[in-house]
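Breakdown of the fold
The primary structure of each chain is shown beneath.
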Amino acid sequence: AQIEATASGSTVTFNGSSAQTIPAGAFYNDKVYNLTVNNSNNVTLNGTVRLLNNLTASSGLLDATTTGATMVYEGTSEQAIASSQYVNNRAYNVTVNNTAGVVLNTNFTVLNDAAINSGDKLTIPENIGLTVNGALTNNAGNAGLLLKSSASGTASLIHNSYGVAATVQRYISG
């Protein structure tokens with residue numbers, strides 16, 4: 001059996017004090033509108049979750065570092081990867097599939113692969129860094145990956161992939 005959790009405004013909450021797991025295929029089409037972690041011993045993701053709106057960690061964090069775990073940001077309005085959502089601010093795989101965009105609001109590491117789908121966008125604000133240990137794929141061209149800069153600092157991107165298109169801002173005073 002799978003959980004149908006795509007209705008607008010719906011939330012799946014993992015409550016408890018013992019470690020919990022989201023098994024592969026738990027959600028119909030791997031989609032969930034809102035996902036809340038309220039477990040002081042964390043919730044481990046096995047498989048893929050296609051997040052349609054928000055991830056909230058009110059107590060504990062989402063552990064998406066298991067081999068093959070994939071977070072797909074698939075909303076229709078801007079989504080954010082924020083601090084205090086993921087264990088050690090890491091995930092195994094991350095995919096951006098959101099035309100409104102995803103903003104990285106914390107230093108973050110993707111342990112394997114990161115992908116930006118055609119027509120979608122990932123923004124890395126100033127003073128925030130993204131590290132991708134596997135392949136970084138940007139199928140959205142220059143507009144799909146934005147590294148911002150201001151007087152307060154510049155975004156950081158560390159990866160090993162060749163020829164990744166991006167728009168890189170550089171603040172120059174004066």
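Here the structure is a predicted model, which is why all the values come from computation and not from measurement.

1. Considering the overall build of the protein
Looking only at helices and strands, the protein features zero helices and 22 strands. Rg of the C-alpha trace for the protein: 16 Å, near the compact-globule value of 16 Å for 174 residues, within the 12% margin. In terms of overall dimensions, the protein has C-alpha extents of about 55 × 30 × 30 Å along its principal axes. Out of the 174 residues belonging to the protein, those deemed buried represent 43%. The long-range fraction of contacts in the protein, counting pairs at least 24 apart against all pairs at least 6 apart in sequence, stands at 33%. Here the protein displays about 8,100 Å² of accessible surface, and carbon together with sulfur accounts for 44% of that area.

2. Remarks on the sheet that holds strand S13 (residues 108–110)
On the basis of which strands lie adjacent, the open sheet formed by seven strands has the order S3-S5-S7-S10-S13-S16-S21 and parallel pairing. Unpaired on one side and paired on the other, strand S3 (20–22) and strand S21 (156–158) mark the two borders of the sheet. Strand-to-strand, the axes of this sheet are offset by a mean angle of 25°, without reference to chain direction.

3. So, the nonpolar core
Ile22, Phe27, Leu62, Met71, Tyr73, Tyr86 and Phe108 are the most contacted members of the largest nonpolar core, which totals 40 residues. Counting residues per element, this core draws most heavily on strand S4 (residues 27–39), at four residues. The residues contacting Phe27, other than those within four sequence positions of it, are Gln2, Ile3, Ala5, Val12, Phe14, Ile22, Val32 and Val49.

Conventions adopted
Residues numbered from 1 in each chain as written. Predicted model: local features only at pLDDT ≥ 70, side-chain atom pairs only at ≥ 80, totals over all residues. Heavy atoms only, no water. Helix = DSSP H or I, 4+ residues; strand = E, 2+ residues; numbered from the N terminus. Rg over C-alpha atoms; globule rule 2.2 N^0.38 Å. Buried < 20%, exposed > 50% of the residue type's maximum accessible area, 1.4 Å probe, protein only. Contact = heavy atoms within 4.5 Å. Areas by Shrake-Rupley, 256 points an atom, 1.4 Å probe, with all protein chains shown as cover. Pairing = 2+ DSSP bridges. Axes fitted to C-alpha atoms, helices over the stretch in contact; angles between N-to-C directions. Core = buried A, V, L, I, M, F, W, Y, C linked by side-chain atoms within 4.5 Å.

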